[in-house]
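What follows is the residue order along each chain.
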Amino acid sequence: MKTNFTDAQLADPGIARANEILRACVHCGFCTATCPSYQVLGDELDSPRGRIYLIKDMLESGRPADEETVRHVDRCLGCLACMTTCPSGVHYMHLVDHARAHIEKTWERPWQERLLRGALARILPYPGRFRWALLGAKIARPFRRLVPDARARAMLDMAKAPIAAPSRIDEPQVHKAQGDRRGRVVLMTGCAQKALDADINAATIRLLTRLGIEVVIPKGEGCCGALVHHMGREEEAKHFAARNICTWMAEMEGLDAIIVNTSGCGTTVKDYGHIFRNDPLSEAAAEVSAKAKDITEFLSGLELPAPARQGMRVAYHAACSLQHGQKVTAAPKALLQAAGYEVATPADPHLCCGSAGTYNLMQPEIAGELGRRKAATLEAVAPEVIAAGNIGCMAQIGGRTGVPVVHTVELLDWAWGGPEPAKLGKVS
């Protein structure tokens, strides 16, 4: 794609990176075939190619964002399926991230939307606040039909999820390896996940320590910044990320990996090197990104014992942030098979479930349709349980199916000596 940025514009590192990405695009349109929002809406401007044209025009002209561009960029899930499909290697993620930051700086949203987005940014990254918000939503949920805004109703729907009490296992400490120590890792315990499901971190720690891995929960780590990063709130995102970088760098000696068991967070942590490329923290950020691994990515490099569990049929949902953002595709299914499970892959596994961070709250109609489609394809393979590697996907799918939805690591922990996941109930 031909671009016409001036030398003065290209002096801005963000514009220079956008220019590189835009020039890689050859207008082929392959991305439209795998774009979830295009599949639902059928509008060219709701495809990656259409958004690229809008973003190019906005950035080249140097003008503030306009209503049309904001509408179509907001409808992007950021699922990154287009990056997997693109034959030209267009790094759409960095382009849409830059566009969102530009929109945040130059477009004044309606006050209701500013209030909503501000509330999400000030609640979701903080587990304590999130628990109180969920409690408030449970109290208000009986009046859901009286709420006119679909986004507010979607927030009340989150009240259906259980509220996870604070877990002592997530507090700063060192979980010693059982037997001979084979490795040492930091576990990123997350933010929203701690308020929604304490079992995921518990299963991760149990499994790793049984396998001889020492697990460090360092004091000072917190939200990875993804939630506000995808809203275009750059400085807030960098604040969260910088705190984690400084915290984890203090643990780097003898560290094998930084383990992330929420794939949406993992994609962002692995991108810290890019986010801080022009920052004094650039070297540290790059080192942190290089150490970050999804839990299944790390487990696939270990020698694993024979499984104790056999035969359950599992439908594996590939979270977009894991398969498209991190390119971790084979490891989760291979581990489940090695653990003795029968793994089934649903139709259209590349398509998003509609969760996408805060997308299901900000675009509930599109997210709801994608969620229904995803639940249907998963149920079609007749599973006893659905496994996923991201808490957002688990909540999105779990609200639309009667099949238990668990984190992949919970099934692996169960197979290799841990307790049965509580979510399975009487399935076993």
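Now for a look at the structure at hand. Per chain, residue numbering runs from 1 following the sequence as it is written. Only residues with pLDDT of at least 70 are given local features in this predicted model, and only at 80 or more are side-chain atom pairs given and counted; all residues enter the totals for whole chains, interfaces and linings. With hydrogens and water stripped out, all remaining heavy atoms of the structure feed into the side-chain values.

## Some thoughts on the nonpolar core
What is meant by a nonpolar core is a set of buried Ala, Val, Leu, Ile, Met, Phe, Trp, Tyr and Cys residues, joined one to another through side-chain atoms within 4.5 Å. Burial status follows relative accessibility: with a 1.4 Å probe on protein chains alone, a residue under 20% of its type maximum counts as buried, one over 50% as exposed, and anything between as partly exposed. Grouped together as the largest cluster of nonpolar side chains are 72 residues, with contacts concentrated most on Leu-208, Leu-299, Leu-336, Tyr-341 and Leu-411. Core analysis: the second largest hydrophobic core is formed by 27 residues, Cys-25, Ile-52, Met-93 and Ala-99 among them.

## A closer look at helix α12 (residues 199–210)
Between its first and last C-alpha, α12 extends 16 Å over 12 residues, near the 16 Å set by a 1.5 Å rise per residue. Of all 12 residues in α12, nine are buried; the element is thus mostly enclosed. Secondary structure follows DSSP: runs of H or I at least 4 residues long count as helices, runs of E at least 2 residues long count as strands, and numbering of each begins at the N terminus. By definition here, a helix of n residues has an expected span of 1.5 Å times n minus one.

## Things to note about the layout of surface pockets
Quantified by volume, the second largest pocket comes out at close to 600 Å³. Around the second largest pocket sit 26 residues that line it, and Gly-14, His-98, Ala-101, Glu-234 and Arg-277 are the ones nearest its centre. Broken down by secondary-structure element, the contributors of at least two residues to the lining of the second largest pocket are α2 (13–24), α7 (92–106), α14 (234–249) and α16 (272–275). No other element matches the seven residues that α7 contributes to the lining of the second largest pocket. Both site types are read off a 1 Å grid over the protein atoms alone. A 1.4 Å probe that fits but cannot get out defines a cavity, while an open set with protein on both sides within 12 Å along at least five of seven lines defines a pocket; lining residues have an atom within 4 Å of a point. Grid points are joined across faces, edges and corners, and a volume is the space filled by probe spheres set on the points.

## With respect to the packing of helix α4 (residues 48–61) against helix α5 (residues 67–74)
One way to put it is that α4 packs onto α5 with a least axis distance of 10 Å and a crossing angle of 140°. Taken together, the axes of α4 and α5 lie oblique to each other. In this structure, the crossing between α4 and α5 has a hand that is left-handed. Between α4 and α5, the contacting residues are Arg-51, Leu-54, Ile-55 and Met-58 on the first element and Glu-68, Thr-69, His-72 and Val-73 on the second. Polar here means any residue outside two lists: the nonpolar Ala, Val, Leu, Ile, Met, Phe, Trp, Tyr, Cys and Pro, and the charged Asp, Glu, Lys and Arg; Gly therefore counts as polar. Tallied by class, residues from the contact of α4 with α5 come to four nonpolar, two polar and two charged. Angular values range over 0 to 180 degrees, each being the angle between N-to-C directions of two axes fitted as lines to C-alpha atoms, with helices fitted over their stretch in contact. The labels follow the angle: roughly parallel below 35 degrees, roughly antiparallel above 145, roughly perpendicular from 65 to 115, and oblique for the rest. Crossings are classed by handedness, with left-handed meaning an anticlockwise turn of the near helix from the far one by less than a right angle and right-handed meaning a clockwise turn. What makes two residues a contact is simply this: any of their non-hydrogen atoms within 4.5 Å.

## Quick notes on the sheet that holds strand β2 (residues 183–188)
The strands that make up a sheet pair up through hydrogen bonds in the backbone, lying either parallel or antiparallel. Any two strands with at least two DSSP-identified bridges between them are counted as paired. Here five strands make up an open sheet; going across it, the order is β1-β3-β2-β4-β5 and the pairing mixed. Each having just a single partner strand, β1 (173–175) and β5 (292–294) make up the two edges of the open sheet. Direction aside, neighbouring strands of the sheet carry axes that sit 35° apart on average. Of the pairings in the sheet, the one linking β1 to strand β3 (residues 213–217) comprises three bridges and is antiparallel in character. Residue pairing across strands places His-175 opposite Val-215, the latter belonging to β3.

## Here's the deal with unusual backbone geometry
Look at His-27: it is not a glycine, yet its phi comes out positive at around 65°. Inspection of the secondary structure assignment puts His-27 in the loop between α2 and α3 (36–41). A positive phi angle, near 60°, is found at Lys-327, a position not held by glycine. Relative to the helices and strands, Lys-327 resides in the loop between α19 (320–325) and α20 (330–338). Looking at Lys-327, the relative accessible area reads 47%, which means it is partly exposed.

## Some words on the sheet that holds strand β7 (residues 342–344)
Taken together, the four strands give an open sheet; going across it, the order is β7-β6-β8-β9, and neighbouring strands pair in parallel fashion. Every other strand in the sheet has two partners, leaving β7 and β9 (405–407) as the edge strands with one partner each. Between one strand and the next, the sheet's axes are offset by a mean angle of 35°, whatever the strand orientation. In the sheet, strand β8 (residues 385–388) pairs with β9 via three bridges, with the strands oriented parallel. Across the sheet, Ile-386 pairs through a bridge with Val-405, a residue of β9. Contacting β6 (313–316), β7 and β8, α20 crosses the sheet at an angle of about 175° to β6.

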